[in-house]
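# Chains, contacts and geometry: an overview
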Amino acid sequence: MRQRKNAYMAGQRDGSQNPNSMERQKGQISCSIQTLSSEKVFLICLAIRMANALLVQTYFNPDEHWQSLEVAHHVAFGYGHLTWEWKKGIRSYLHPLVFVLLYKVLALLHLDTPWFMIRAPRLLQSVFSAVGDLYLYKLSHVVFGNDVAQWALFSQLTNWFMFFCFVRTLSNSLETILTLVGLYYWPCIRSSSKGPSVSRKWGVFIAGLACAIRPTSAITWAYIGILELLLTRDKLKFIFGEVIPIGVLVVTLACLLDRFMYGSWVVVPLNFLKFNFLSSGGDYYGTHKWHWYFTQGFPVMLFTFLPFSITGIILSKQWKLSGLIAWVLGLYSVLGHKEFRFVLPVLPIALIFSGYSLTTIGKPGLSQGKQRGSPSIHTKCHSKLCFAVFFLLATNIPMALYMSLVHQRGTEDVMKYLSEEALRGKVKSILFLTPCHATPYYSTLHQNLPMRFLDCSPSEEEGVPDESDRFMMDPAGFASEFAKKWSLPSHIVLFESEEKQLRDFLISHAFQERKRFFHTHFKVDRDLQASVVVYAYKGQ
């Protein structure tokens, strides 16, 4: 690339252990994996991700529903709950509007039925995810070569957490996709001038878009921007000809969109920064030790790919990409509130290194740059590779299926049931006596009925428990007090752990159990919430 500083030497430094370059230079490999076209890779990924989307039937994080689909439903159909974040202006409408269009199409085609309202958003997300998979393949190809690209794609598609999370309608999933697409267009990441010529302006634009959707994405792109600034020849052109004008364009468009949706001028990144960084508002939802991402969070996400990723980092000596992982994990560690999904954008990068490691296992002497080994060595390495693949599949597939089909599925199932009952006119109003945001809401019910959940908006006064906390501290006392001023609901939803304490209360108010759904085998944040129970008023 013309804009890179000594591109050839940079490629030699970062690609000195490149498996494919060693193939060409030393003639080590007797046969090479067939190169797949981008179209074929995309179609394979699309088929897998669509099946993935249909298999994900569990609840993971409230934001999947409450910060995307619920907002989109509110815009598309005129009803839906907007959480306190939307009243404070710390969320951009850019991400939810993707699903507004989907909902409008479903309504136009009269397909806004319970099945489609539940499945269609994840199926749409699966298309975006397949694009992310394609660009992981393309990025791996230009950095390490064809063989590593295919093993990196294998790692991406079989990692349990990517299967569990990537097709969910979280803004983090879209951020991850944009990160993979954007990295492909940055010359500082490409190991050499090999591969098709690309425009860095696309990389800058995609980075800006990612930051508009999730302001914390700036952590990733600050690293890439600094790296590019150090390596590019024309620094003034990069800053004043690309970063500033494209950045201003993206910010202006995002602000205009939010101005139209909010009805007033709102600078979302500034409000987001004030709440999450300057006031540590995110800590309201819990904190972890500073080392959590390194010792628990990221290792759990990588799972059995962890040793392969570490090995790949060491053998490849591609410090720019591995430095990105360390940078993101390090800066996120400074924040008190931590979640798995926050570091999802760098999980695929770690899986690229797993692909490198698997490639070296299958090719004897590759990482040491030795000459071709004997047939017995090739056979031994082939056996090692088969064992590694079997080990990864045997550990990740059961984990992916259990987490996607079994663990915490009750809160999804209960809303599917209620949406079907509401469609038949059997539901008049619903009260959720659960921790706040424990289930999907109007975006799944898709009926404009009165519903009430326990509020957990941050209080202006420290130490003041919200409704959800007060209920969890004393379910029976809270329910008795709450019933004095409620509008009698036709249905009440609660977890089994609280049901035990509220059974007498429910019976005394003429409610009877209508349906019970399995939820989880294990305790997650609170007491074991083994099942979700629906009670209905006897008059129903």
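Read on for an overview of the structure. (Residues numbered from 1 in each chain as written. Predicted model: local features only at pLDDT ≥ 70, side-chain atom pairs only at ≥ 80, totals over all residues. Heavy atoms only, no water.)

## Overview of the nonpolar core
The criterion, for reference: In this description, a nonpolar core means a group of buried Ala, Val, Leu, Ile, Met, Phe, Trp, Tyr and Cys residues linked to one another through side-chain atoms lying within 4.5 Å. Three exposure classes are used, based on accessible area relative to the maximum for each residue type with a 1.4 Å probe and protein chains only: buried under 20%, partly exposed in between, and exposed over 50%. Where helices and strands are cited, they refer to DSSP runs of H or I of at least four residues and of E of at least two residues respectively, numbered from the N terminus.
Counting residues in hydrophobic clusters, the biggest one holds 89 residues, and the most contacted among them are Ile189 and Phe298. Broken down by element, the residue count for this core peaks at nine residues, all from helix H7 (residues 114-144). Residues Val414, Leu418, Tyr441 and Val534 belong to the second largest nonpolar core, which totals 25 residues.

## Quick notes on a nonpolar patch on the surface
Selection criterion: Patch membership is restricted to residues that have no salt bridge and whose relative accessible area is over 30%. Joining uses 9 Å for like charges and 5 Å for the nonpolar side chains Val, Leu, Ile, Met, Phe, Trp and Tyr. All accessibility values rest on the Shrake-Rupley procedure with a 1.4 Å probe; residue burial counts only the protein chains present in the view. For this document, the term salt bridge refers to a Lys or Arg side-chain nitrogen within 4 Å of an Asp or Glu carboxyl oxygen.
Judged by side-chain polarity, Ile226, Leu230, Trp327, Leu331 and Val334 come together as a nonpolar surface patch covering roughly 470 Å² of accessible area. Going through the elements one at a time, helix H12 (218-231) and helix H17 (319-334) are the ones with two or more residues in the nonpolar patch. Looking at which element gives the most residues to the nonpolar patch, the answer is H17, with three residues. The residue Leu331 is located in helix H17 in this model.

## Some thoughts on the pattern of salt bridges
For side chains of opposite charge, pairing can occur when their charged atoms come near one another. Counted under the stated rule, the structure contains 19 salt bridges. As a salt-bridge pair, Asp63 and Arg341 come within 2.9 Å of each other at their nearest N and O atoms. You can see Asp63 sitting in helix H4 (residues 63-77) and its partner Arg341 sitting in the loop between H17 and helix H18 (347-361), a full 278 residues away along the chain. Exposure class is identical for Asp63 and Arg341. Each is buried. Among the charged side chains, a salt-bridge network with shared partners connects Glu496, Glu499, Arg503, Glu513 and Arg516.

## A few points about the packing of H12 against helix H13 (residues 235-262)
Axes are the key here: two packed helices are described by the angle between their axes and the distance separating the axes. This is how the line gets drawn: Note on geometry: axes are C-alpha line fits, over the in-contact stretch for helices, and angles between N-to-C directions span 0 to 180 degrees. Roughly parallel here means an angle under 35 degrees, roughly antiparallel means over 145, roughly perpendicular means 65 to 115, and every remaining angle is called oblique. Residues count as neighbours in contact if any of their non-hydrogen atoms are within 4.5 Å of one another. Asp, Glu, Lys and Arg are counted as charged, while Ala, Val, Leu, Ile, Met, Phe, Trp, Tyr, Cys and Pro are counted as nonpolar; the rest, among them Gly, fall into the polar class.
Contact pair H12 / H13: the axes reach a minimum separation of 8 Å and the direction vectors enclose 140°. Comparing the axis directions of H12 and H13 gives the class oblique. Residues Gly225, Glu228, Leu229 and Leu230 of H12 lie in contact with H13, whose contacting residues are Lys235, Phe238 and Ile239. Of the residues in the contact of H12 with H13, the class split is four nonpolar, one polar and two charged.

## Focus: the pairing of strand E3 (residues 491-495)
Heads up, the condition is: Think of it this way: DSSP has to see at least two bridges between two strands before they count as a pair.
With respect to burial, E3 is a largely interior element, five of its five residues being buried. Taking every second residue as pointing to the same face, both faces of E3 are buried, with His491, Val493 and Phe495 on one and Ile492 and Leu494 on the other. Where strand E1 (residues 430-433) lies against E3, four bridges are found, and the strand directions are parallel. Residue Leu433 lies in a different strand from E3, and its bridge partner there is Leu494. Pairing analysis gives five bridges linking E3 to strand E5 (residues 531-537), with the strands arranged antiparallel. Bridged to Val493 within E5 is Val534.

## Considerations on the side chain of Ser404
Considering the arrangement of structural elements, one finds Ser404 in helix H19 (residues 375-405). Among the residues examined, Ser404 registers a relative accessible area of 0% and is labelled buried. Setting aside anything within four residues of it in sequence, one finds Ser404 in contact with Leu55, Val56, Gln57, Thr58, Phe163 and Phe164.

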